[in-house]
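Chain residues, written in single-letter form:
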Amino acid sequence: MKRLSLTLALLIVTCLMLAPAAAQDTTTVRYWHTMSDPETAKLDEQIAAFEAAHPDIDIEATRYAYNDFKEALLTAIAGGEPPDVARLDIVWVPEFAELGVLAAMDETLPNFNELAEGLFPGPLQTNYWAGRYWGLPLNTNTQVLLYNQAQFEEAGLEVPATVQDFVSAACALTEGDQQYGYALGGTYFWAPAPLFYAQGGQITDPEVTTAEGYLNSEASVQAFQTLVDLYGEDCVSPNLLGGGIGTAEGHATGLYSMIVDGPWMVDIYKNDFPDFEVSFAPIPAGPEGTTSSVVGGENVVLFADSPNQEAALEWINYLLSEDYQLAMSEVGVIPTLSRLVGNEALPEYFGVFMDQLQTAQARTPTPHWSEIDNIINNAFQFMLRGEKTVEEALNDAVTEVDTLLAE
Amino acid sequence: MATPNVHQGEAPRSLPRPQAKQKDAGLSLLFQRLIPYAFLLPGLLLFGVFVVLPMLYSFRISLYDWDILRPERSEYVGLGHYLDILNNGVFQRAALNTLLYAVVTVPAQMGLGLGIAILLNQRLPGQAFFRTLYYLPVITSWVIVSLLFEYLFNGQAGLVNYLLQQARLVDQPVRWLADETLAMIPIHLLGIWKGVGWTAIVMLAGLQAIPEALYEAAAVDGANAWRRFRFFTLPLLRPTLVFLLVVLTIGALNVYISGLLMTDGGNPLDRTHFVLTLMYEETFDNFEFGRGAAISYLLTAVVFVISLVQIRVLQRDIEY
């Protein structure tokens, strides 16, 4: 008995001596993101797989609500405790790069060029600001047309291939306030962006120096005019001005025949409206005969002050591996690796989104994007409320945007 | 630490040397004066570190084009942000919205609160039940009830529109949140509904502190219910009413969560902003820390002045 307790005591002492040594050998990489429930579950599996392959690295993932994320990051940055790696909305990358908190990925990551070659160029470009790449595209998405097949069949209509057909279909499918042909989620730029770009609309010149001649160009004015006219004819649900029925609920319950949205809708409908069968089509083509849409998604960035850069880069490399990207595709996340196009493991409905990504455009890369977004949002509101003509609203918006860009 | 000092100071008192005694008595008095401060110290330290220092620091931020990462690189702009903000149309609108919110919700909460408090002060069956019922909105989360009110006032399928249409008061559903004026109605109603329970409970405490004997004497003298209320209840409730007025006004000027959630912070057209939702947008959406801090300071100044005036004008000692 005495010997047993002695052995036990020795064992405990040995463990205690070994424990700190073991702890010192693992590096903890703090990873912040804003993933959904199913995505987070997948991420946990992937972290386990990564840690099994890298016993010396411990990934500490923290999830934030999208709307609180900027605030949380800023607080952490101001307090000198930012994470090592984070997954940022693509439109935030220039803002954080401008703050000077991000490490330039093309300088820090030894295999940057090799990785970059294997990625879709559009999403990769969203990391480019002031001559450097500040991150890598982790996942991408775009919006396409989501329509209610049954309602189209009932009305004897074809799915619109051009904006002209789209306009007539939207009005043909409208029945008072019982059914609207088309609905937008709001007036923030993301909502009208696909139809805006498809009709040749632009916000600024490619170098992002001015909006003059772009946001108020003939094509941009016409693009907004199309939507304003549709709204004037009551063929668009009034929810876009605020305080109405959301696009997902309205679309799934037959109130809205067409909406424009992203690949995550598949999972939302599967969970919330299992009986609803959604159909996808490319965004209708504008007068030039070309389709387009808007690029969304998230980029992975490395914080400049990270003391665990080596381990953090291992993790970033893993996030851009085929294993990780294919696993995430199971929950509706579109990969950024171009070699995965046509991969059989990808869900079938990705096809239309991956095709649309070929022509989709990134929103203006500038640290002032949040403000520009608000300016365009307000311009759209002015037009819809009839307080300004489309031309007036866009001319005023150009003045405001150019003031920001001149700073 | 303070206790041994007391003993050191007191113990020599028994000694017969008068000189020493006098000196020690002085020391003892000094310690006695210091002891309360020793007890205050921890609280003051916390207050200083977590309230006063950040306040001073944010005042400094408000004078700069603040660089969050390298504060030393911040550009000094003096009162530039303050002048800029005061001349900004969006801020002026936000300030008006905030004042209107206070002017509407504070009297409404106090009026309704007083009525409810008087009812709850009667000896009625189910008194405890009603007290709990009126207090429930107070303890529910602002976020949840804001979303709830957003649903109730939905422009296409809200319960409020349904009832209005059933009652034939409106033909078309009212688009509450799409209109800058109408959007204030659900926000004001929410503020009143959520605050009235707390107001009533505080008033109830004030009512119960009024001696019953006064009412009995008044009744004997033939004062009717209105006169008893007008000449006893109201004057004796005055300290409670002043306290509530000040606290509710401060609370109303700080309206934030309901505005942020129900109008997405300022929709439509930045016309439904409150001072704090605008502060949030400038700071965390636009990274304009200096402007955000300046907005906070403007609000603080207004709250300070209004509270001071209210207390000075209304606070009076009452004797009975």
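These numbers come from a predicted model, not from an experiment.

So, how was this worked out
- Residues numbered from 1 in each chain as written.
- Chains lettered and ligands numbered in written order.
- Predicted model: local features only at pLDDT ≥ 70, side-chain atom pairs only at ≥ 80, totals over all residues.
- Helix = DSSP H or I, 4+ residues; strand = E, 2+ residues; numbered from the N terminus.
- Buried ≥ 20, exposed ≤ 12 C-beta atoms within 10 Å, placed from the backbone.
- Contact = placed C-beta atoms within 7 Å.
- Pairing = 2+ DSSP bridges.
- Axes fitted to C-alpha atoms, helices over the stretch in contact; angles between N-to-C directions.
- Nonpolar A, V, L, I, M, F, W, Y, C, P; charged D, E, K, R; others polar.
- Domains from an automatic or database assignment.
- Right-handed = clockwise from strand over helix to strand, strands pointing away.
- Core = buried A, V, L, I, M, F, W, Y, C linked by C-beta atoms within 7 Å.
- Parallel < 35°, antiparallel > 145°, perpendicular 65-115°, else oblique.
- Left-handed = near helix turned anticlockwise from the far one by under 90°.

### Brief notes about the overall build of chain B
For chain B, the count of helices and strands is 14 helices and two strands. In terms of its C-alpha atoms, chain B occupies a principal-axis envelope of roughly 95 × 75 × 35 Å. Among the 320 residues that make up chain B, the fraction classed as buried is 28%. For chain B, the proportion of contacts with a sequence separation of at least 24, taken over those separated by at least 6, is 65%.

### Focus on the overall build of chain A
Tallying secondary structure elements over chain A gives 18 helices and eleven strands in all. For the C-alpha atoms alone, the extent of chain A along its principal axes is close to 90 × 50 × 40 Å. By residue count, 46% of the 407 residues in chain A fall in the buried class. Of the contacts made within chain A by residues no fewer than 6 positions apart, 76% connect residues no fewer than 24 positions apart.

### So, the sheet that holds strand S9 (residues 256-261) of chain A
All names here are of chain A. Strands sit in the order S8-S9-S7-S10 across an open sheet of four strands; the sheet is mixed. In the strand order of this sheet, the two ends are held by strand S8 (180-183) and strand S10 (279-281), each with one partner. Each strand axis lies, on average, 25 degrees off the axis of its neighbour in the sheet, ignoring direction.

### With respect to the interface of chain A and chain B
Every contact between the two is made by 20 residues of chain A and, on the other side, 19 residues of chain B. Where the side of chain A that touches chain B is concerned, the elements lending two or more residues are helix H3 (66-78), helix H4 (93-99) and helix H17 (369-384) of chain A. Looking at the side of chain A that touches chain B residue by residue, the classes come out as eight nonpolar, eight polar and four charged.

### Thoughts on the sheet that holds strand S1 (residues 27-33) of chain A
All names here are of chain A. If you walk across this open sheet you meet the five strands as S2-S1-S3-S11-S6, and the pairing is mixed. Looking along the sheet, the strands with just one partner apiece sit at the ends: strand S2 (57-63) and strand S6 (136-142). The average undirected angle you get between the axes of adjacent strands in this sheet is 15 degrees. Sheet topology places S1 next to S2; seven bridges connect them, and they run parallel. Within the sheet, the bridge partner assigned to Val29 lies in S2 and is Ile59.

### Re the domain arrangement of chain B
Residues and elements named next belong to chain B. Considered domain by domain, chain B is made up of domain 1 (2-62) and domain 2 (80-314). The distance between the C-alpha centroids of domain 1 and domain 2 comes to 42 Å. Across the boundary between the two partners, domain 1 contributes four residues, which contact seven residues of domain 2. Of the residues assigned to the side of domain 1 that touches domain 2, the class counts are two nonpolar, two polar and no charged.

### A closer look at the pairing of S1 of chain A
Residue and element names in this part refer to chain A. Of all seven residues in S1, five are buried, a share of seventy percent or more. Running through helix H2 (residues 37-53), the crossover from S1 to the neighbouring parallel element S2 is right-handed. Taken together, the two bridges between S1 and strand S3 (residues 85-89) define a ladder with parallel strand orientation. Within S3, the residue paired with Tyr31 across the bridge is Val85.

### Here we look at the nonpolar core
In this structure, Trp315 and Ile316 of chain A are the most contacted members of the largest nonpolar core, which totals 153 residues. A total of nine residues in this core trace back to one element, the largest contributor, which is H17 of chain A. If we ignore the near neighbours within four places in the chain, the residues touching Trp315 of chain A are Val29, Tyr31, Phe50, Ile57, Ile59 and Val85 of chain A. With ten residues, the next largest nonpolar core counts Leu114, Ala117, Ala200 and Leu237 of chain B among its residues.

### Re the environment of Asp179 of chain B
Secondary-structure assignment places Asp179 of chain B in the loop between helix H7 (159-166) and helix H8 (184-208). In this structure the C-alpha to C-alpha distance between Asp179 of chain B and Thr263 of chain B, which are 84 residues apart in sequence, comes to 9.8 Å.

### Concerning the packing of helix H11 (residues 218-232) of chain A against H17 of chain A
Residues and elements named next belong to chain A. Where H11 contacts H17, the axes come no closer than 10 Å and their chain directions differ by 45 degrees. Considering their axes alone, H11 and H17 lie oblique with respect to each other. H11 and H17 meet at a crossing whose hand is right-handed. Between H11 and H17, the residues in contact are Phe224, Val228 and Tyr231 and Phe380, Met383 and Leu384, respectively. Across the contact of H11 with H17, the residue classes break down as six nonpolar, no polar and no charged.

### So, the domain arrangement of chain A
All names here are of chain A. Domain assignment breaks chain A into domain 1 (25-141 + 296-353) and domain 2 (144-293 + 368-406). Inter-centroid distance (C-alpha atoms) of domain 1 to domain 2 is 29 Å. The interface is formed by 13 residues belonging to domain 1 together with nine residues belonging to domain 2. With three residues, the single largest contributor to the side of domain 1 that touches domain 2 is helix H16 (residues 350-357). In terms of residue class, the side of domain 1 that touches domain 2 is made up of nine nonpolar, three polar and one charged.

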